[in-house]
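Here is how the chains run, residue by residue.
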Amino acid sequence: MMGDPSTASERGIIPNCFAHIFGAIEENRQESDKETKYLVQCSYLEIYKEDVFDLLTERKRGAPAQKLDVREDANRNFYVKDLKWVMVNSIEEMEKAMNFGNNNRKTAATKMNARSSRSHSIFQVYLETATTQDGQQVIKAGKLNLVDLAEVALLLPRVKGSERSSKTGAQGETLKEGILINKSLMTLGNVITALCDSKAKHIPYRDSNLTRLLQDSLGGNTKTVMIAALSPANYNFDETMSTLRYANRAK
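Residues numbered from 1 in each chain as written. Predicted model: local features only at pLDDT ≥ 70, side-chain atom pairs only at ≥ 80, totals over all residues. Heavy atoms only, no water.

**Focus: the overall build of the chain**
Part 1 of the reasoning: The helix and strand tally for the chain stands at 7 helices and 10 strands.
Part 2 of the reasoning: Residue burial in the chain is summarised as follows: out of 251 residues, 39% are buried.
Part 3 of the reasoning: Contacts in the chain between residues far apart in sequence, at least 24 positions, make up 60% of those at least 6 positions apart.
Part 4 of the reasoning: Summing over all exposed atoms, the chain offers an accessible surface of approximately 14,900 Å²; the carbon and sulfur share of this is 49%. (Helix = DSSP H or I, 4+ residues; strand = E, 2+ residues; numbered from the N terminus. Buried < 20%, exposed > 50% of the residue type's maximum accessible area, 1.4 Å probe, protein only. Contact = heavy atoms within 4.5 Å. Areas by Shrake-Rupley, 256 points an atom, 1.4 Å probe, with all protein chains shown as cover.)

**Considerations on unusual backbone geometry**
Part 1 of the reasoning: Positive phi, normally seen in glycine, also occurs at Asp82, with a value near 70°.
Part 2 of the reasoning: A residue is classified by how much of its surface remains accessible, and Asp82, at 61% relative accessible area, is exposed.

**Brief notes about a nonpolar patch on the surface**
Part 1 of the reasoning: Taken together, the side chains of Ile13, Val225 and Ile227 define a hydrophobic patch exposed on the protein surface, amounting to about 280 Å² of accessible area.
Part 2 of the reasoning: By the secondary structure assignment, Ile13 is in helix 1 (residues 13–31). (Patch = residues over 30% accessible without salt bridge, like charges linked within 9 Å, V, L, I, M, F, W, Y side chains within 5 Å. Salt bridge = Lys/Arg side-chain N within 4 Å of Asp/Glu carboxyl O.)

**Structural notes on helix 1**
Part 1 of the reasoning: An ideal rise of 1.5 Å per residue puts 27 Å on 19 residues; helix 1 measures up with 26 Å between its terminal C-alpha atoms.
Part 2 of the reasoning: Within helix 1 the residues assigned to the buried category are Ile14, Pro15, Phe18, Ala19, Ile21, Phe22 and Ile25. Buried positions in helix 1, seen along its axis, are confined to an arc of 155° and lie on one side of it. Residues of helix 1 that are exposed and point more than 90 degrees away from the buried face comprise His20, Gln30 and Glu31.
Part 3 of the reasoning: Packing partners of the buried residues in helix 1 comprise strand 1 (36–48), helix 2 (91–102), strand 9 (120–133) and strand 10 (136–148). (Expected span 1.5 Å × (residues − 1). Arc of directions from axis to C-beta.)

**Some details on the side chain of Thr36**
Part 1 of the reasoning: Following the sequence through the fold, Thr36 ends up in strand 1.
Part 2 of the reasoning: Here the side chain of Thr36 touches Thr131 through a polar contact of 3.2 Å, side chain to side chain. (Polar contact = N/O pair within 3.5 Å; in protein donor to acceptor, adjacent residues only side chain to side chain.)

**Overview of the confidence of the model for the chain**
Part 1 of the reasoning: Residue-level pLDDT values for the chain average 82, and 84% of them are 70 or greater.
Part 2 of the reasoning: Across the chain, element-level confidence peaks in strand 6 (residues 86–87) with a mean pLDDT of 97 and bottoms out in helix 3 (residues 165–168) with 48.
Part 3 of the reasoning: Considering only residues more than four positions removed or in separate chains, one finds that residues 110–115, a stretch of pLDDT under 50, has 19 contacts.
Part 4 of the reasoning: Low confidence marks residues 153–166, where pLDDT is under 50. Its contacts with residues over four positions away, or in another chain, come to 69 contacts. (pLDDT = per-residue confidence, 0-100.)

**Points about the packing of helix 1 against helix 2**
Helix-helix packing is described using two parameters, namely the angle between the two axes and the distance between the axes.
Part 1 of the reasoning: Two elements in contact, helix 1 and helix 2, have axes separated by 9 Å at closest approach and are oriented at 145°. For the pair helix 1 and helix 2, the sense of crossing is right-handed. Of the residues in helix 2, those in contact with Ile14, Pro15, Phe18, Ala19 and Phe22 of helix 1 are Ile91, Met94, Glu95 and Met98.
Part 2 of the reasoning: When the residues that make up the contact of helix 1 with helix 2 are grouped by side-chain class, the tally is 8 nonpolar, no polar and 1 charged. (Axes fitted to C-alpha atoms, helices over the stretch in contact; angles between N-to-C directions. Left-handed = near helix turned anticlockwise from the far one by under 90°. Nonpolar A, V, L, I, M, F, W, Y, C, P; charged D, E, K, R; others polar.)

**Remarks on the pairing of strand 2 (residues 51–54)**
Part 1 of the reasoning: For strand 1 and strand 2, the ladder comprises 4 bridges, and the chain directions are antiparallel. Its bridge partner being in strand 2, Ile47 is matched across the sheet by Val52.
Part 2 of the reasoning: Where strand 1 folds back on strand 2, the antiparallel hairpin that results is connected by 2 residues, among which Lys49 adopts a positive phi of roughly 55°.
Part 3 of the reasoning: Relative to strand 3 (residues 67–68), strand 2 runs antiparallel, the two being bridged by 2 bridges. Note that in strand 3 the partner of Val52 across the bridge is Leu68. (Pairing = 2+ DSSP bridges.)

This is the structure:
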């Protein structure tokens, strides 16, 4: 996802997203004859064992991270109360915010991955433009959710890649984390299946915090892209097939 941000040809999807956003802003400023103001903000959160934590908040050494509440507004949209938003004016500032948050993420070493993520994360970019037309200010807004799904410690469907607990050596707390990770991923799969079924009467967004927070990114007129990480090794055949079956549900 990250690649090598310092080399244009080796940059991953996330650095290219940042470059595209600020590149489009600069291009529009040069070509447009209207005075347009831009506001770019970002937030970064993780969902660890179904609890939500802010990754952009400074954490004191040895002190537990503060859990945040997922609330519902009057329009039945979900949001995270007291989530920190950072105003950014360049690619470098946005990358700095992401790198700061990455250092706060929950990770653990397994036999298959030395730095296995134990939480789902959502890096959200909010872009707002304000243009004056006929003496009135017109405001448009949009947002981009970059979602990184956690490493799974069981042979169950996964988007980013699947791992068997027997291969990872996951046990104790790491194994419990994997069970909760799989539960939220199963819910995400159920939501995707329901959205693809024109006869479905109920979309189970409320069954996990992951799907609650992604509700406005999965339904309606939004555009969603799912990327699956696969292994070419025969040893990981079962995990690769499990991941492909999961990703195939997103149509």
